[in-house]
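Take a look at the letters that make up each chain.
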Amino acid sequence: MERILLSRVHLGGREREWIDKAFAEDWVLPLGPNVDEFESMLSHYLGVPNVVALSSGTAAIHLGLVMLDINPGDEVICQSFTFAASCNPICYQGARPVFVDSESHSWNMDPQLLEEAIIDRRKQTGRYPKAIIPVHLYGMPSDMSGINAIADRYGIPVLEDAAEALGSEYQGHKCGTIGRYGALSFNGNKIITTSGGGALICPDAESAVRVKFYATQARENRPYYYHETIGYNYRLSNISAGIGCGQMTVLPDRVKRRREIHDLYKRELGIVPGITVQDNPSSEYDSNFWLTTILIDPASGSTPDELRMCLNRENIESRLLWRPMHLQPVFADAPYYGTGVSDSLFERGLCLPSGSSLTDEQIKRVISIIKAQIK
Ligand SMILES: *Cc1c(COP(=O)(O)O)cnc(C)c1O
């Protein structure tokens, strides 16, 4: 039987139109008309004017930090329960990550712990952290009104990591458009792909121009190459952007299908004792359900890793939840403010196959194997 993957690339069928156009018009290079069109399609979908297409989500987070003037010696607060790409760019800037635990409703940054961290960092270092990176993990929005209220109280800008949350909404606002900056990813396993790419959502036209400047080697406007600051090669290629344009035509369908898959899991597994299917905590949250995730009660007699191996024997891919950053050897020296929520999620949770190309029959096969294992 065909292997069921966690989240495989799901092409829409029209991607080649833009790629063929690029070849026909000799635009096989970084930047070009597909990049402009991809940015305008993203802008339209998100309802905000200033979106810059970049080579990866990691590059988007990095340039967000550059724009927020993060420098060596600064501290940046990041959600601990995430993928390392959320916080690695803090270190690229020579700054220090400070990790904050999750709350148990959204599984994302706990606003109360965020405030404790801000106050304590000020006490320890004499300065406030310079930015806050909440993450909309697995597509689930963070408690952005709680986080923004505290960020505003201390005058600290928010950079949303919306890499997994394109199409998710919080209080009717698209994730990525709620903080000062927002980062998106179009890697191969995300809700849409450019084969590899990202975007930075910017607060105004001036900052978008500045982001493009940094992303193209920070070349000043002179007839010769002249540099006053350090630059990067972070723009998206015209070919990749062509894939993105094709994918944008099916994005609403992809979000709809991920939500249907979540509904199916919820209906079938939500009634199994010992299993909790993660769900929107209230009507303010509208996840794209990039991945459907479950928690397994230790009393069920099965651990997430046992279930993962059991599914793997049936040729089904699943994945343990992200191991929190405060438990990663590379960040052992980083300050951490937590109460054990993300540690406990990591010990109990599993991501289920959620790709939009999966059929109901395939999802039902996954469900029946889980039901047989968790009794
Ligand atoms: C995928 C991802 C990123 C990084 O995006 P890339 O395009 O792979 O560089 C950042 N943060 C989170 C939470 C992600 O899932």
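All values reported here derive from a predicted model rather than from experimental measurement.

Cut-off values and rules
Residues numbered from 1 in each chain as written. Predicted model: local features only at pLDDT ≥ 70, side-chain atom pairs only at ≥ 80, totals over all residues. Heavy atoms only, no water. Helix = DSSP H or I, 4+ residues; strand = E, 2+ residues; numbered from the N terminus. Rg over C-alpha atoms; globule rule 2.2 N^0.38 Å. Buried < 20%, exposed > 50% of the residue type's maximum accessible area, 1.4 Å probe, protein only. Axes fitted to C-alpha atoms, helices over the stretch in contact; angles between N-to-C directions. Parallel < 35°, antiparallel > 145°, perpendicular 65-115°, else oblique. Left-handed = near helix turned anticlockwise from the far one by under 90°. Contact = heavy atoms within 4.5 Å. Nonpolar A, V, L, I, M, F, W, Y, C, P; charged D, E, K, R; others polar. Domains from an automatic or database assignment. Buried area = accessible area lost by both parts, 1.4 Å probe. Salt bridge = Lys/Arg side-chain N within 4 Å of Asp/Glu carboxyl O. Polar contact = N/O pair within 3.5 Å; in protein donor to acceptor, adjacent residues only side chain to side chain. Near = heavy atom within 4 Å. Areas by Shrake-Rupley, 256 points an atom, 1.4 Å probe, with all protein chains shown as cover. Pairing = 2+ DSSP bridges. Arc of directions from axis to C-beta. Expected span 1.5 Å × (residues − 1).

Trainee: Help me out: how do you make sense of the overall build of the protein in this one?
Mentor: When helices and strands are counted, the protein shows 12 helices and 15 strands. Relative to its length of 375 residues, the protein is compact, with a C-alpha radius of gyration of 21 Å against a globular reference of 21 Å. A principal-axis box enclosing the C-alpha atoms of the protein has dimensions of 70 × 60 × 35 Å. Each of the 375 residues in the protein was classed as buried or not, and the buried ones make up 57%.

Trainee: Help me understand the packing of helix H9 (residues 251-269) against helix H12 (residues 360-373), please; the structure alone is not making it clear to me.
Mentor: It is at 10 Å that the axes of H9 and H12 come closest, and there the two elements cross at 30°. Classified by the interaxial angle, the pair formed by H9 and H12 is roughly parallel. Handedness of the crossing formed by H9 with H12: right-handed. Residue-level contacts link Arg257, Ile261, Leu264, Tyr265, Glu268 and Leu269 of H9 to Asp360, Ile363, Lys364, Val366, Ile367, Ile370 and Lys371 of H12. In terms of residue class, the contact of H9 with H12 is built from eight nonpolar, no polar and five charged.

Trainee: Can you help me understand the domain arrangement of the protein in this one?
Mentor: The extent of an interface is frequently quoted as the accessible surface area lost upon association of the parts. Structurally, the protein comprises domain 1 (15-250) and domain 2 (252-373). Distance from the C-alpha centre of domain 1 to the C-alpha centre of domain 2: 25 Å. For the pair domain 1 and domain 2, the summed buried area comes to about 3,800 Å², and 62% of that belongs to carbon and sulfur atoms. There are zero salt bridges connecting domain 1 and domain 2. Counting across the interface, domain 1 meets domain 2 through 28 residue pairs in polar contact (both at pLDDT 80 or more). Among the secondary structure elements, those contributing two or more residues to the side of domain 1 that touches domain 2 are helix H4 (88-92), strand E3 (96-100), helix H5 (111-125) and strand E6 (169-170). Sorting elements by how many residues they give to the side of domain 1 that touches domain 2 places E3 first, with five residues.

Trainee: Would you mind showing me how to read the site of the ligand here?
Mentor: In the region of the ligand, 15 residues are neighbours, and Thr58, Asp161, Glu164, Ser185 and Lys190 sit closest. Between the ligand and Glu164 there is a distance of 2.5 Å, counted from an oxygen atom to a side-chain nitrogen or oxygen. Residue Ser185 places a side-chain N or O atom 2.7 Å away from an oxygen atom belonging to the ligand. Calculation on the ligand without its partners gives an accessible area of 380 Å², and the protein chains cover 94% of this total. Here the shell around the ligand is built from residues that sort into four nonpolar, eight polar and three charged.

Trainee: What am I meant to see in the sheet that holds strand E2 (residues 75-79) here?
Mentor: One key point about sheets: their strands pair by backbone hydrogen bonds, in either a parallel or an antiparallel sense. Strand order in the open sheet formed by four strands is E4-E2-E3-E14, and the pairing between neighbours is parallel. Of all the strands in the sheet, just strand E4 (131-133) and strand E14 (336-337) have a single pairing partner and so form its edges. Here E2 runs beside E4; their pairing, made up of three bridges, is parallel. Bridging from a neighbouring strand, Val76 pairs with Ala131 of E4.

Trainee: I keep staring at helix H11 (residues 341-348) and nothing clicks. Help me out?
Mentor: The α-helix advances 3.6 residues per turn, and as a result positions three or four apart in sequence lie on the same side. Taken as a whole, H11 has its buried residues at Ser342, Asp343, Leu345 and Phe346. One face of H11 carries all of its buried residues, which in axial projection span an arc of 165°. Considering only its buried residues, H11 is in contact with strand E12 (292-296), E14 and strand E15 (349-352).

Trainee: Explanation requested: H5 in the structure shown.
Mentor: The terminal C-alpha atoms of H5 lie 21 Å apart, and with 15 residues this matches the ideal 21 Å at 1.5 Å per residue to within 8%. Along H5, the residues that are buried comprise Pro111, Leu113, Leu114, Glu115, Ala117, Ile118, Asp120 and Arg121. Packed against the buried residues of H5 are E2, E3, E4, helix H6 (144-154) and E14. Here H5 starts with a cap whose side-chain oxygen sits 2.9 Å from the backbone nitrogen of Gln112, and that cap is Asp110. Once H5 ends, the next one or two residues include Gly126, with phi positive near 80°.

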